[in-house]
Structure formats: C-alpha cells, structure tokens
Amino acid sequence: MSQSLFGFRGKDFCILAADASAQASIVVIKDNLDRIFEADDHFAFGCVGDPGDDTTYSDLIVRNIQLQKFRNGYTSTSHANANFMRKLLHDGLRDHPYNVNIMIGAVDLPSDMNDTTTERTELMSSSVLIEGSNPSPHLYYLDYLGTLVEVPFAAHGYCAYLLYGILDEMWKKDMSVDEAKRLLSTCIKMIQKRFVMQQPKFICKIITKDGIELIEPLNN
Amino acid sequence: MEAISHAGTAAGVLTKEGIILIGVQLATNPLLEPTNEKIFKINSQAACAVAGITSDATNLLDLARKRSLNHTLDFDQEIPLEHLVSTFCDTKQHYTQVGGQRPFGVSFLFGGWDEHYGYQLYLTGPAGNYGGWKATAIGKNSRSSLACLRQDYTDTLTLEEGKVLALKAIAKSLDTASLNADIIEMMTLTRDVNRRPGQQIVQTVLEKEEIKNLIEVHKEELVKKDDEDDEEN
C-alpha cells in the first residue's frame, strides 16, 4: 500500500511511474528498484504488492507474453495481454492469491507497422490488412482481485489519495510528451511533499510506438 | 484418408472481399429432413467446411469450438485463426501416434478473419498437417476441382466472382452434367467495418434460392467449362 504506482495516457503514448525504494519493515534496503516490467516492445506494466508475489507474478507474465509471441510469430494485442493478466490473478484468487496491484501501459500498432506481420501476410494471402490507423495507447488498471479497467489515468495504493485530485484537474486528452512530463513532475512532487514515507526516487517510463524508454519528469 | 476421398466435395476460395466456403451433400433423399452437414460456424470470426466421416467432424468441431471459447475466456478476444488451427491439428496428430484408437477420418477447410493476418483459408488433414491456401478443395474428385481453381483463380477476384468460381470448381467434381442447388451448401464470410468492433465479421449462409439464381445466371459459364473439360479428356 505504501508503494506508489501511477500512470496516464497521452496522445499516442502511455506513461507509467513507480517509486524506486524497497522496504523491509522500517528499513529502506534499496533505492533503485525498477518495478516497471517490459514484457514486450510496446507493452509494460508496473507491479506493486507483497515482495516475492510481485516478482513471481511479473516474471510469469513477462515469460508468457514472450512465449506467445514466439509461438505465434506476432505480438498479441494489449487487450488480449491485459485480459490474460487478469485471468491469471483471478484464477489464483481462491487458491494461491498473488497480492499485487498492476498498472499496464501499452501501445497497439496497426498491423502494417508491425514488420513481422507484414512479411507473413504478403507471403500467405492477398488479404486486406487492418486499416492503417494510428498507434493507439492503452492504460489498464488491474488490482489484486482481478478488476481490469481501461482508464485515462490511475494510481494504486496510498498515492491514489494524493494523486486523483491532481490528475482529475490537470490531465487533458491528447497531451503532448512535454505536457505529460510536467504533469508527472507535479504528481511526484505531491507524493514527496505530502506522503509520510520517503520516496526520494521514482522510475518513470514512456511507452510509444518506438518502444519503451526511461524518462525524467520536467520541472515547470 | 479413404473416407475423405469418398466424401462430398468441399471447396474454399479466398478473395480480397471475403471468403467463400462451399460443400456438396452426397446422400440426398427427398424424404430426408433438410440439414446442414458440410459447413459449420466455429466462432464469430471463423467457419469451416468438412469432408470425411461426418460424426468425426462434429466431434472435432466441438473441440474447436471449446478451444475457441477457452481462448476468449483467457484473452477476451476471438482466437487468431492460425492459432486455432495449429492447436486443433496438434490434437489430430496425437491420434496418429497413440495406440488403441483410430485417427479421425476427416479433413477441414477453415475460413476466417483475424486482425493479424486478415482473411485466411486453411486446409487440415487427418494426420494433423495444415497449410494456408488461396483456394482449395477436398473430398471426392477434388483433383478436378483443384485443377479448375488453379486455372481460374486470380488475386483480384471479387466476392461475387469468387462465388461463381467456387460453384464452377464444385461442378467439376460432380458426375452429373448440371449443378443441383439442393445438394449444395454455401456460405460467405466478410468483414463490415461499419459494424462495431468484435461484430464486424458477417457469416452468411446462402439460401437455396440464391444458389439456384447463381447457377441460373452463370449457367452458360458453368456448362461451357464442362465441355472444355471433356475436350481435354
């Protein structure tokens, strides 16, 4: 609950941010922990919860998404991946619950932008591909009970109390990257100012059509 | 294998505008209730035509439908066609390898659409082999149908032209001189982008009247080709 994880959607990208400190009881044991896992070129998710559960679950997801890609020769849609993650959490709920909360950020590419797909299709058939639309960003909120919702912005844990007000007020549809970085900075500053735990460092990642990158918040 | 070569012919044609599946019912009797036994829906994006032991086919269809629904349960999305075909064929292959049971005596033509590869047509054999085709045929006299498809298929076919080609291919496989609409099952699978996502694939089973009309309108074409065939022989 004390770990911070939030994210929001921009014009053609998603941003995820998570605090980088690892705690054991009252001791901070690490301040460069990367909680944002990159399961695929355009699919990342942040994972907070019980230590152990979070790594087990994240590893399971990352490997499975990679396996599906390897088997099929193409990347599944983010909707399919997100629902797969939800199903896994839900299946474990009554038997071996994973105590983790997830935030998924992904960008879906139209198939003609996806190299592997184009190659195969030309080889296989004369079919018309999906219409060339723009890359579409998706942000999903997923909690430990298996609640999956696609949202424009979201936060998990205590930081939700602090951030929803800001995001409600400042999040705009079709934000540019710079605007998003400023919003990111505002959010992190608020957590660092008002939250009782110290979270000096955040790891922020942006998911675009070109891949996943580390970014720094932009001060106003 | 033997059962398949005696079963009513089934053919599939892939066009830019959609897929046509067609099948011939062999044993027809005026006393028999009209049924469909050649073409079946699998999910909202895929259908298949069968040739072989029909009871084996229905059994395997159950499996394909279950696989498909299980995928929908896991991913909230229809199963990509190639994925379905490959897992489905794994099962068929399994029966060729384990003792005590005979393999399934049936071939399938899977036609469908998915967002990864667009329209697709797959042929699967009883051994669990499968491949993607632009147009193909299975069942009795499918060689003649294949020859016809090979000759007349072009990448620029429209859906209507595809229907005629499918009928033509089927006509080749039959011993009778003229096509009888009563023994033909036919369906088309197209995508309508104006419908909402998830319901864009339209599967239409052609009414007997419609097939009759098609045969009537293209009568000359269908018959003329038959004559040419005779000359070749």
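In the block above lies the structure referred to throughout.
Residues numbered from 1 in each chain as written. Chains lettered and ligands numbered in written order. Predicted model: local features only at pLDDT ≥ 70, side-chain atom pairs only at ≥ 80, totals over all residues. Heavy atoms only, no water.

Thoughts on the nonpolar core
So the rule is basically this: To form a nonpolar core, buried Ala, Val, Leu, Ile, Met, Phe, Trp, Tyr and Cys residues must be joined to one another through side-chain atoms within 4.5 Å. Only protein chains enter the accessibility calculation, which uses a 1.4 Å probe. A residue is then buried if its area is under 20% of the maximum for its type, exposed if over 50%, and partly exposed in between. In this text, helices come from DSSP runs of H or I with a minimum length of four residues, and strands from runs of E with a minimum of two, each type numbered from the N-terminal end. We call two residues in contact whenever any of their non-hydrogen atoms come within 4.5 Å of each other.
By size, the foremost hydrophobic cluster in this structure holds 49 residues, and its most contacted members are Val13, Leu21, Leu167 and Leu179 of chain B. If you tally residues by element for this core, the top one is helix 5 (residues 159-173) of chain B, at eight residues. If near-sequence neighbours (up to four positions away) are discounted, Leu21 of chain B is found in contact with Ala11, Gly12, Ile39, Ala47, Cys48, Ala49, Leu109, Gly111, Leu121, Glu185, Met186 and Met187 of chain B. Listed in part, the 25 residues of the second largest apolar core include Ala155, Trp171, Ile188 and Ile215 of chain A.

Some remarks on the packing of aromatic side chains
Counted only if it meets this: Geometry of aromatic contacts follows a simple scheme: Phe, Tyr and Trp rings, the Trp one being its six-membered ring, pair when their centres are within 6.5 Å, and the pair is stacked under 30 degrees between planes, edge-to-face over 60, tilted otherwise.
Using the criterion set out here, one finds 14 aromatic pairs over all chains in the structure. Each ring, one from Phe37 of chain A and one from Phe45 of chain A, has its centre 5.7 Å from the other, and the planes form 25°; the classification is stacked. Aromatic pair Tyr122 of chain B and Tyr130 of chain B: ring centres 6.2 Å apart, planes at 70°, arrangement edge-to-face. Three or more aromatic residues link up through ring pairs in this structure, and these residues are Phe153, Tyr164 and Trp171 of chain A.

With respect to the side chain of Gln199 of chain A
Residues and elements named next belong to chain A. This is how it is decided: Polar contacts, as counted here, are pairs of nitrogen or oxygen atoms within 3.5 Å of one another; within protein the pair requires one atom able to donate a hydrogen and one able to accept it, and residues that are adjacent in sequence qualify only if both atoms are side-chain atoms.
If you trace the backbone, Gln199 turns up in the loop between helix 5 (177-194) and strand 11 (202-208). At 2.6 Å, the side chain of Gln199 and the side chain of Ser4 are in polar contact. Aside from chain neighbours lying at most four places away, what touches Gln199 is Ser2, Gln3, Ser4, Asp19, Ser21, Ile191 and Gln192.

Everything listed here is a matter of coordinates, which is why it stays silent on function.
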